[in-house]
Amino acid sequence: MGFIKGIINAVADPRLFFMLAVLALVVHGLEARGDRVERRRLRPARPARACSSCSATFDPNFRLIVTKPDNVPIVGLIFLLVFFVWYSIREAVLNDRRIAAGKGPIEKEESDRVWVWPDLVYTELISLILCSVVLIVWSIFLKAPLEQPANPANTPNPSKAPW
Amino acid sequence: MFYYRPTLEYAYTDIVGLREHVPLGIMREMHRWGAHAMVITVWLHMFRVFMTGSYKPPREFNWSVGVIMLVLTLLLSFTGYLLPWDQLAIWAITVGSNMARATPFLGHEGPGAQLLRLGDVPLIHAADDARFALLGGTFVGEGALLRFYVLHCVGLPLGIAVLMAVHFWRVRKDGGISGRSRIRV
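Not measured: the values here are computed from a predicted model.

A few points about the overall build of chain A
Of regular secondary structure, chain A possesses six helices and zero strands. When the helices and strands of chain A are listed from N to C terminus, the series reads α-α-α-α-α-α. Within chain A, the fraction of its 163 residues that count as buried is 10%. Taking the intrachain contacts of chain A between residues at least 6 apart in sequence as the baseline, contacts between residues at least 24 apart amount to 46%. Of the accessible surface of chain A, which amounts to about 13100 Å², a share of 70% is contributed by carbon and sulfur atoms.

As structure tokens, this is what we get:
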């Protein structure tokens, strides 16, 4: 475990990481130019990533950081972002296929007008109820953190903003 | 606002009371997690707008309004951070507000601040710069707590409410929500 952490720390050094990220972007760009739709080749990487995430949860420090109530939404955001990137790229690829077949994007085929009442108001009402339920359940299970009263004479170590 | 008093004496105990004495006891949790959810939603909304190309004309004005509202959302989070008046609050705001020292011209450590002087008298110094205006003092104390409270409960919400009205009005004027299709391919 320590060995793996050492490798990750070395790779995550900002100088090295930035160079690697630029390199990966260039390689990806060159690859994508030749073959935009074929993404199945990348799939084997997914189980590997899932395994590394799962193994990381065995590390007590990692678990402590991830399950801190204030950090839970940040972790959630990572998964949401991955999901929405996948979703938007999927829509884009589908539209690319349609354009390649000479059909134009799917948005052109329909009128996107709906009635405010009842369509929009119903959707908004249901979203409101769902969000309230999620928020109440979230609030019941995770307590908002509150530290010791403010004391200008006691600088915590490290004194840095939590974000 | 019914249970909380923004003073050094009461701020922290009122927050504890909000958990211990107010019915249901999850008001503070709802506020905090709701705030997190709002920031996440705003980012995801921005992401969607970007991915669907909805920042392009005729919606470029609305995109700019949205970016201002993103900043206001983050400022709401920032000002709300101080109000519990615990260790995290005071030191996070101390670090965060120190950035205002480096404001160009208006921060006493910022570029160009040295140029603003009358003869030998500097116009911008530690007790008269952007950070001082933000904190109402040279350190995070009672003045900062009151200013952040007023900004959090009055100033920023008013600003964001006006911009939200403009935002929704422009959505209608610019041809409605743009987005993905309702028809599955």
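Next comes the rest of the write-up.
Things to note about the packing of aromatic side chains
Using the criterion set out here, one finds ten aromatic pairs over all chains in the structure. Seen from their ring centres, A:Phe83 and A:Tyr87 are 6.0 Å apart, and the 25° between their planes marks the pair as stacked. A residue pair is termed a helical-turn pair when its members lie 3 or 4 positions apart in one helix, as A:Phe83 and A:Tyr87 do in helix H5 (residues 72-100) at four residues. Classification of A:Phe83 by relative accessible area gives partly exposed; the value is 41%. Note on B:Phe78 and B:Phe148: the rings are 5.8 Å apart at their centroids and 50° apart in plane angle, and the pair reads as tilted. One end of the pair, B:Phe78, is in helix H3 (residues 60-82); the other, B:Phe148, is in helix H6 (residues 142-173), with 70 residues separating them in the sequence.

Thoughts on the nonpolar core
All names here are of chain B. Counting residues in each nonpolar core, the largest one holds 18 residues, and the members touching the most others are Tyr4, Leu82, Trp85, Ile93, Val140, Leu145 and Phe148. Going through the elements one at a time, helix H1 (11-20), H3, helix H4 (87-98) and H6 are the ones with two or more residues in this core. Excluding residues that lie within four positions of it along the chain, isoleucine 93 makes contacts with Phe78, Tyr81, Leu82, Asn98, Leu135, Val140 and Phe148. Counting seven residues, the second-largest nonpolar core is a separate cluster that includes Val65, Met69, Leu76 and Ile160.

A look at H1(B)
The set of residues buried in H1(B) consists of B:Ala11, B:Tyr12, B:Asp14, B:Ile15, B:Gly17 and B:Leu18. Where H1(B) is buried, its residues touch helix H2 (27-51) and H6 of chain B.

Here is what the cut-offs are and how they apply
- Residues numbered from 1 in each chain as written.
- Chains lettered and ligands numbered in written order.
- Predicted model: local features only at pLDDT ≥ 70, side-chain atom pairs only at ≥ 80, totals over all residues.
- Heavy atoms only, no water.
- Helix = DSSP H or I, 4+ residues; strand = E, 2+ residues; numbered from the N terminus.
- Buried < 20%, exposed > 50% of the residue type's maximum accessible area, 1.4 Å probe, protein only.
- Contact = heavy atoms within 4.5 Å.
- Areas by Shrake-Rupley, 256 points an atom, 1.4 Å probe, with all protein chains shown as cover.
- Phe/Tyr/Trp six-rings, centres within 6.5 Å; stacked < 30°, edge-to-face > 60°.
- Core = buried A, V, L, I, M, F, W, Y, C linked by side-chain atoms within 4.5 Å.

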